[in-house]
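Chain by chain, the residues:
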Amino acid sequence: MRILSLVLLAAGTCVAAPFVPADPKEVLETLPVASADRFSRELRQLRLELASDPRNLELATRAARGYIQRARAEADPRYLGYAQAALAPWWDAGAPASVLVLRATIRQSLHDFPNALADLSAALKVEPRNAQGWLTRATIQQVRGAFGEAMESCRPLERLAGELVATACWAGGASMSGQAEASYERLRDALARQRGASPGVRQWVLTSLAEMAGRQGKSRLAEAHFKEALAAAEPDAYLKGAYADFLLDEGRDAEVAALLKSEIRADGLLLRLALAEAVLKQPRAREHAEALEARFYASRLRGDSLHRREEARFTLHLLKRPHAALRLAQENWAVHREPWDARIYLEAALAARQPDAARPVLDWLDENRVEDVRLASLARDAAR
Amino acid sequence: MRRILFLALFLASLPAAAHKPSDSYLALRIDGSTVDVQWDIALRDLEYAIGIDTDGDGAITWAELQARHDAISAYALARLTISADGERCASTAAGHQVDRHSDGTYAVLRFAAVCPKDARSLTATYALFFELDPLHRGLVRLEERGATRSLIFSPEQPTQPLGVAGSSPLRQIVEFSREGVFHIWTGFDHVLFLLSLLLPAVLRREAARWVPVPGFRQALCKTFVIVTAFTLAHSLTLTLASLELVALPARWVESAIAASVIAAALNNVYPVLERRLWMVAFPFGLIHGFGFASVLRDLGLPREGLVLALASFNLGVEAGQLAIVAALMPLAFAIRQTWLYRRLTLSAGSLLIVAVACVWLFERAFELRLFS
């Protein structure tokens, strides 16, 4: 019955029927950023200018970048749609290199990896000195588990973007393919040498260092890097999520609940919040789990498959349905291969008592010589 | 998802943990030539499109929303067209409410699109937010004659057929007849019942043994009597139940239908009634009629033209039934003298039917599912 009501809720015929608020002052919705905010004003201004001159490439790419940045800050995909709309005159045909790189960015975030890579190849052929193009390409290759290719794409960055960015790019692939210790040290040293790095770059590098230390089981080091990263600049959803995962693994659920207590917009952060609340047996856990279920349902309704990793985690740890979670983890593994994708796959396979199903992940870990203490321990259980 | 560092221009990473994307929810109900619409649109999207947060404080209040109701109606209604045979149907916003969804508060717009009564086909064209956000989707729950299906509007597919308007009499006859044929063909309980009664129609009982009837005429005559009795009986109760003159609980009816199949099939193996099988066909046919009526009710009977719909549905059932008989009888007649027919088809076949019907009876009586 609860499932049914959720289904109806998600389908738009709400169980809590539509109503007319009694109080005119009642706040119905709080916008993530007040429209009077400086950045919003700039974007709105840009949008107006673009509306009167929609084929102005400079204005359009500036607006698209602004929206993509917003998408990152708020983890809200509707800004990716706004970015796509800004690039509409070039979207379907005749895109110049600058638009191709932005289109690749949008496509990769919608998990359309083959087309994103094709865009980048085309852009880099025309503009081989486009550093952003190389970096985005390396990132996509890494996400797909193609670490060798990713490291190859990082190479031009030494000339184009400097040592720190190039090293961080390279370390992303190297730390996952047999050089965990060496890549950590090289990146740490590169950061120490580059004192003048911008806060954004520092935060990016520190987050990578934290994750690399975490994979090696060095919790205290990882925590120190996370703290530095959080202090370096306004943390985005990725960093908050990664830190929350670290805390969950350390059993520090109360800190997660405190860190994310108002993060109910982004699905991934709401998931971590609900996981922590479930451990703590807090009353809000159920409400948050139901909201997640409704959102996953709505996403399936619209035919999306963007959230399979999160949905697998949700299904395994909150719904406690290991078989369904395993199916989701397998579907996710077909497109996305990062440590967390491997981890949820192994966890689901073990919980479903189907260690044989984990074979593709075990082989992948071996082939790439992935060093990750948690994955190694799960793999041992699965191979037993 | 992994973050991407943006160089030089700005620093960013992509959503690690995506937010729910922008969707609007449409609940459409087709009632004759009128389409009732409930449309839930996220306040966040409306804010981006036309601005609701008038004082710019980042909080949208009910007063602010109310002040923009006319603008919202004008904006939204211009972007959803319901048309009949290519002509736009008139629609006016009937009311504004709000509702809470899993990702925030939505404005709820209600209106009805009134299409011409003789419309043949309805379509909807959706364009809300597509020029602002090509990733936006319109998710539709379409309710038509009691059946519900879902549709998705996207920039690639902005136009979708909503189905057939109910009022054209010819359409209605075709629609309901087709449903009738479809129902008898897919309603295995009715088919098995009829089959059980008709299997022995090409035979005759003599000294506790089955012997073939001599001529086709005789077989046809027996078949005709049985089918007519069944038809008269179920037409009678179908009409009574559809006009809501008699009502029986569905569980009782469905169980009794299963029991009727058992009785009819068992009679072939251990004959109690050897002649006059119409005496089985008629009373049990009454029960099957109630079963048909519940299907017809689920299809959603139009308020206008109830009798027409009822007659068409019944006509469909009879036509479907006749097709089954026409396919079966000549075959049965041709092989009626063989061992295959008398032992295997009649006896073993009937026992198999009994077994299947027993499962149905159990499932229906106890509202359980033994086999999925």
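Sequence order sets the numbering: in each chain, residues are counted from 1 along the sequence as written. Labels are handed out in written order, letters beginning with A for the chains and numbers beginning with 1 for the ligands. Predicted model: local features are reported for residues with pLDDT of at least 70 only, side-chain atom pairs are reported and counted for 80 or more only, and whole-chain, interface and lining totals are derived from all residues.

K.L.:
Mind showing me how you'd approach the overall build of chain A here?
P.N.:
Only DSSP runs of H or I with at least four residues qualify as helices, and only runs of E with at least two residues qualify as strands; both kinds are numbered from the N terminus onward. Scanning chain A from N- to C-terminus turns up 23 helices and one strand. Within the span of chain A, comprising 384 residues, buried residues form 51% of the whole. Throughout, a residue-residue contact means that the two C-beta atoms, derived from backbone geometry, are no farther apart than 7 Å. Put simply, of all contacts in chain A between residues at least 6 apart along the chain, 47% involve residues at least 24 apart. The burial criterion counts other C-beta atoms lying within 10 Å of a residue's C-beta, which is placed from the backbone; the residue is buried at 20 or more, exposed at 12 or fewer, and partly exposed between these limits.

K.L.:
How should the overall build of chain B be read in this particular structure?
P.N.:
Across its full length, chain B carries 10 helices and 13 strands. Across the 372 residues in chain B, those meeting the buried criterion constitute 45%. Intrachain contacts of chain B at a sequence separation of at least 6 include 72% that bridge at least 24 residues.

K.L.:
Teacher, can you tell me more about the confidence of the model for chain B here?
P.N.:
Low pLDDT means the predicted atomic positions in that stretch should not be read closely. Residue and element names in this part refer to chain B. Per-residue pLDDT for chain B has a mean of 82; in total, 89% of the residues score no lower than 70. When pLDDT is averaged over each element of chain B, helix H2 (residues 62-67) comes out on top at 94 and helix H4 (residues 169-186) at the bottom at 77. Model confidence for the complex is summarised by a pTM of 0.66, with the ipTM given as 0.79. Confidence of the predictor in every single residue is expressed as pLDDT, which spans 0 to 100.

K.L.:
Would you mind showing me how to read the sheet that holds strand E2 (residues 34-42) of chain B here?
P.N.:
Strand pairing in a sheet is mediated by backbone hydrogen bonds. Such pairs are either parallel or antiparallel. Residue and element names in this part refer to chain B. Two strands make a pair as long as DSSP finds a minimum of two bridges between them. With respect to topology, six strands assemble into an open sheet ordered E6-E7-E2-E1-E9-E10, the strand pairing being mixed. Each having just a single partner strand, strand E6 (90-101) and strand E10 (147-153) make up the two edges of the open sheet. Averaged over neighbouring strand pairs, the angle between their axes works out to 20° when direction is ignored. When E2 meets strand E7 (residues 104-114), the two strands line up antiparallel, connected through nine bridges. Along E7, the bridge assignment pairs alanine 42 with tyrosine 106. In this analysis, axes come from line fits to C-alpha atoms, helices being fitted only over the stretch in contact, and the angle between any two N-to-C directions falls in the range 0 to 180 degrees.

K.L.:
I tried to follow the confidence of the model for chain A on my own but got confused; where do I start?
P.N.:
The share of residues in chain A with pLDDT of 70 or more is 95%, and the mean pLDDT across the chain is 89. For residues 1-15 of chain A, every residue scores under 50 in pLDDT, and the model assigns this stretch 28 contacts once sequence neighbours within four places are set aside.

K.L.:
Teacher, can you tell me more about helix H4 (residues 78-86) of chain A here?
P.N.:
Every α-helix carries 3.6 residues per turn, so stepping three or four residues along brings you back to the same face. All names here are of chain A. Burial analysis of H4 places nine of its nine residues in the buried class, the great majority of the element. Turning to H4, its buried residues number three or more, namely Arg78, Tyr79, Leu80, Gly81, Tyr82, Ala83, Gln84, Ala85 and Ala86. Here the buried face of H4 lies against helix H2 (38-52), helix H3 (57-74), helix H5 (88-91) and helix H6 (97-109).

K.L.:
Quick question: what am I supposed to make of the nonpolar core here?
P.N.:
A set of buried Ala, Val, Leu, Ile, Met, Phe, Trp, Tyr and Cys residues, joined to one another through C-beta atoms within 7 Å, is what we call a nonpolar core. Membership of the largest hydrophobic core comes to 161 residues, with the highest contact counts inside it found for Ala83, Tyr345 and Leu346 of chain A together with Ala107 of chain B. Each residue touching alanine 107 of chain B, except ones within four places of it in the same chain, is listed here: Ile41, Leu43, Leu46, Leu65, Ile72, His96 and Val98 of chain B. Residues Phe176, Ala201, Ile257 and Ala309 of chain B belong to the second largest nonpolar core, which totals 51 residues.

K.L.:
Looking at this structure, how should I read helix H20 (residues 322-335) of chain A?
P.N.:
All names here are of chain A. Given the number of residues in a helix, its expected span is that number minus one, multiplied by 1.5 Å. Taking 1.5 Å as the rise per residue, H20 with 14 residues should run 20 Å; its terminal C-alpha atoms sit 20 Å apart, in good agreement. Here H20 has its buried residues at Pro322, Ala325, Leu326, Leu328, Ala329, Asn332 and Trp333. The buried side chains of H20 occupy one side of the element, clustering within an arc of 165° when seen end-on. At its buried positions, H20 is contacted by helix H19 (308-317), helix H21 (339-351) and helix H22 (359-368). Directions drawn from the helix axis to the C-beta atoms are what define this arc.

K.L.:
When you look at unusual backbone geometry in this model, what are you seeing that I'm missing?
P.N.:
Negative phi is the rule for most residues except glycine; trans is the rule for most peptide bonds. All names here are of chain A. Notably, histidine 111 is not glycine yet its phi reads approximately 65°, a positive angle. Along the polypeptide, histidine 111 turns up in the loop between H6 and helix H7 (113-126). Although it is not a glycine, lysine 281 sits at a positive phi angle of roughly 55°. Its location among the elements puts lysine 281 in the loop between helix H17 (267-279) and helix H18 (284-301). By the C-beta count within 10 Å, which is 7 here, lysine 281 ends up exposed.

K.L.:
Please explain the packing of helix H9 (residues 147-154) of chain A against helix H11 (residues 163-174) of chain A as it appears in this structure.
P.N.:
Helix-helix packing is characterised by the crossing angle of the two axes and by the distance between the axes. All names here are of chain A. Where H9 contacts H11, the axes come no closer than 8 Å and their chain directions differ by 170°. Between H9 and H11, the angle is such that the two are roughly antiparallel. Contacts from Phe147, Ala150, Met151 and Cys154 of H9 reach H11 at Ala166, Cys169, Trp170, Gly172, Gly173 and Ala174. Each residue receives one of three labels: charged for Asp, Glu, Lys and Arg, nonpolar for Ala, Val, Leu, Ile, Met, Phe, Trp, Tyr, Cys and Pro, and polar for the others, Gly being one of them. Its residues assigned to classes, the contact of H9 with H11 comprises eight nonpolar, two polar and no charged. Any angle between 65 and 115 degrees counts as roughly perpendicular, while under 35 counts as roughly parallel, over 145 as roughly antiparallel, and the rest as oblique.

K.L.:
Any chance you could explain the pairing of E7 of chain B here in plain terms?
P.N.:
Walk down a regular strand and you will see the side chains alternate between the two sheet faces. Across 11 bridges, E6 of chain B lies against E7 of chain B in antiparallel orientation. The residue of E7 of chain B that forms the bridge with aspartate 99 of chain B is tyrosine 106 of chain B.

K.L.:
Honestly, the environment of leucine 230 of chain A in this entry has me stumped. Any pointers?
P.N.:
Residues and elements named next belong to chain A. Note on placement: leucine 230 falls in helix H14 (residues 219-232). For leucine 230, a count of 18 C-beta atoms within 10 Å puts it in the partly exposed group. Counting along the chain gives 23 residues from leucine 230 to threonine 207, while the straight-line C-alpha distance between them is 8.6 Å. Setting aside anything within four residues of it in sequence, one finds leucine 230 in contact with Pro235, Leu239 and Tyr243.

K.L.:
Help me understand the packing of helix H7 (residues 250-269) of chain B against helix H10 (residues 339-366) of chain B in this model?
P.N.:
Residue and element names in this part refer to chain B. Where H7 contacts H10, the axes come no closer than 8 Å and their chain directions differ by 160°. As far as their axial angle goes, H10 and H7 are roughly antiparallel. Judged by the sense of rotation from one axis to the other, the crossing of H7 with H10 is left-handed. Here H7 contributes Arg251, Glu254, Ser255, Ala258, Ala259, Val261, Ile262, Ala265, Leu266, Asn268 and Val269 to the contact with H10, which in turn contributes Leu346, Ser347, Ser350, Leu351, Ile353, Val354, Ala357, Cys358, Trp360, Leu361, Arg364 and Ala365. Here the residues of the contact of H7 with H10 are counted per class, giving 16 nonpolar, four polar and three charged. The handedness criterion is simple: a crossing whose near helix is rotated anticlockwise from the far helix by less than a right angle is left-handed, and one whose near helix is rotated clockwise is right-handed.

K.L.:
Please clarify how the environment of phenylalanine 230 of chain B should be interpreted in this entry.
P.N.:
Residues and elements named next belong to chain B. Within the secondary structure layout, phenylalanine 230 lies in helix H6 (residues 216-242). Overall, the presence of 27 C-beta atoms within 10 Å leaves phenylalanine 230 in the buried class. With 37 residues separating them in the primary sequence, phenylalanine 230 and phenylalanine 193 have C-alpha atoms 10.0 Å apart. In contact with phenylalanine 230, other than residues within four places in its own chain, are Leu194, Ala281 and Gly285.

K.L.:
Honestly, the environment of alanine 171 of chain A in this entry has me stumped. Any pointers?
P.N.:
When you line up the elements, alanine 171 of chain A lands in helix H11. If near-sequence neighbours (up to four positions away) are discounted, alanine 171 of chain A is found in contact with Ser183, Arg186, Leu187 and Ser208 of chain A.

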